[in-house]
Amino acid sequence: MMKNPSTSPFCMLSCLIVLLALPLPPLLADPDSLQDFCVADLSASASGNGFPCKPASKVSSDDFFFDGLSKEGDTTGIFGTNLTSANVLSFPGLNTLGVSMNRVDFAPGGVNPLHSHPRASETVLVIKGRLLVGFVTTGNVYFSKVLRPGQLFVIPKGLVHFQRNVGKNKALAFTSFNSQLPGAAVLPLNLFASKPSIPNNVLRKTFQVEDSVVNSIKSKFGS
Ligand SMILES: *[C@@H]1O[C@H](CO)[C@@H](O)[C@H](O)[C@H]1NC(C)=O
């Protein structure tokens, strides 16, 4: 009897390769939800993608309400900015809905330091003051703009970006994301304050500087 070629080990491998090479459906943001809402039960541990739902019978209007962005943050820290997040962890009603927001307060000269959001694109809406907003592409092209109140800039998903208050007074912006938990890799902390820390010889070679420079930067972030 002839062996069915489609079940031969060779085909299993080659068919898998063909399947992997097929174009995947676009997966640009969080997956779509399969119900109206699924208020996160944060006491249960996140499994795979997101949190289990709180029983619908226990959900009230307050689950869709968040007051955390109404208050100005303290901007006396080293960056002169303060970020308040309305993501699934602080606002469980966002679970499975694929959106979130931040409030960012800026002292004069304050910088929301270079960072990237691995899971979301971002729109930046300035409410007060003047903000320089910039990002860098993977091809190292820099795009930036100074925004005034009511103006918007978009940061493509995953790209390194920052905002800086270039006005004389405080500034305020709201950012929104197409993810319930966009994540933020804040470069200075990622590189110089990880736990355990990245070996100095890696940072030295990466930035082509002396050990003392690496140690000096590390010391700014308490490590
Ligand atoms: C941001 O502001 C809040 C409220 O004023 C404060 O509790 C928090 O420590 C501030 N965070 C930073 C990083 O300065």
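For the structure, see preceding data.
This one's a predicted model, so the numbers in the text were calculated from it and none came from an experiment.

Rules behind the numbers
- Residues numbered from 1 in each chain as written.
- Predicted model: local features only at pLDDT ≥ 70, side-chain atom pairs only at ≥ 80, totals over all residues.
- Heavy atoms only, no water.
- Phe/Tyr/Trp six-rings, centres within 6.5 Å; stacked < 30°, edge-to-face > 60°.
- Helix = DSSP H or I, 4+ residues; strand = E, 2+ residues; numbered from the N terminus.
- Near = heavy atom within 4 Å.
- Polar contact = N/O pair within 3.5 Å; in protein donor to acceptor, adjacent residues only side chain to side chain.
- Areas by Shrake-Rupley, 256 points an atom, 1.4 Å probe, with all protein chains shown as cover.
- Contact = heavy atoms within 4.5 Å.
- Pairing = 2+ DSSP bridges.
- Axes fitted to C-alpha atoms, helices over the stretch in contact; angles between N-to-C directions.

Enquirer: Quick one: what's the story with the packing of aromatic side chains, residue by residue and with numbers?
Expert: For the coordinates displayed, the defined rule picks out seven aromatic pairs. Geometrically, the ring pair formed by Phe66 and Phe91 is stacked, given 5.2 Å between the ring centres and 15° between the ring planes. In this pair, Phe66 is assigned in the loop between α1 (9–21) and β1 (81–86) and Phe91 in the loop between β1 and β2 (100–106), connecting sequence segments 25 residues apart. Pairing Phe135 with Phe153 gives two aromatic rings, centres 6.1 Å apart and planes at 45°, and the pair type is tilted. Taken together, the residues Phe135 in strand β5 (residues 131–136) and Phe153 in strand β7 (residues 152–155) connect sequence positions 18 residues apart. An aromatic cluster of at least three residues, connected via ring pairs, comprises Phe135, Phe143 and Phe153.

Enquirer: Run through the site of the ligand, naming residues and quoting values.
Expert: Within the structure, the ligand sits among Gly73, Asp74 and Asn82. Between the ligand and Asp74, the relevant distance is 3.0 Å, taken from an oxygen atom to a main-chain nitrogen or oxygen of the residue. In the environment of the ligand, an oxygen atom lies 2.3 Å from a nitrogen or oxygen atom belonging to the side chain of Asn82. Protein chains shield 34% of the accessible area of the ligand, which is 360 Å² for the free molecule.

Enquirer: So what's going on with the side chain of Asn102? Which residues, and what values?
Expert: Its location among the elements puts Asn102 in strand β2. Of note is the side chain of Asn102, whose polar atom sits 2.9 Å from the side chain of Ser85. Setting aside residues up to four positions removed in sequence, Asn102 forms contacts with Leu69, Leu83, Thr84, Ser85, Ala86, Ala173, Phe174, Thr175 and Phe177.

Enquirer: A description of the sheet that holds strand β10 (residues 185–186) should follow, citing residues and the corresponding values.
Expert: The sheet built from five strands is open, its strands ordered β6-β5-β8-β3-β10 with antiparallel pairing. Of all the strands in the sheet, just β6 (142–147) and β10 have a single pairing partner and so form its edges. Pairing of β5 with strand β8 (residues 160–165), which is carried by six bridges, proceeds in the antiparallel orientation. Bridge pairing in β8 links Phe135 to His161.

Enquirer: An account of the sheet that holds β2 is requested, with residue identities and associated values reported.
Expert: Taken in spatial order, the five strands make up an open sheet running β1-β2-β9-β4-β7, and their pairing is antiparallel. Two strands bound the open sheet, and with one partner strand each, they are β1 and β7. Direction aside, neighbouring strands of the sheet carry axes that sit 20° apart on average. Sheet topology note: the strand β4 (residues 122–128)/β7 ladder contains four bridges and is antiparallel. Residue pairing for β7: Thr123 is matched across the bridge by Val154.

In short, the description is geometric, and any link to function would need to be established separately.
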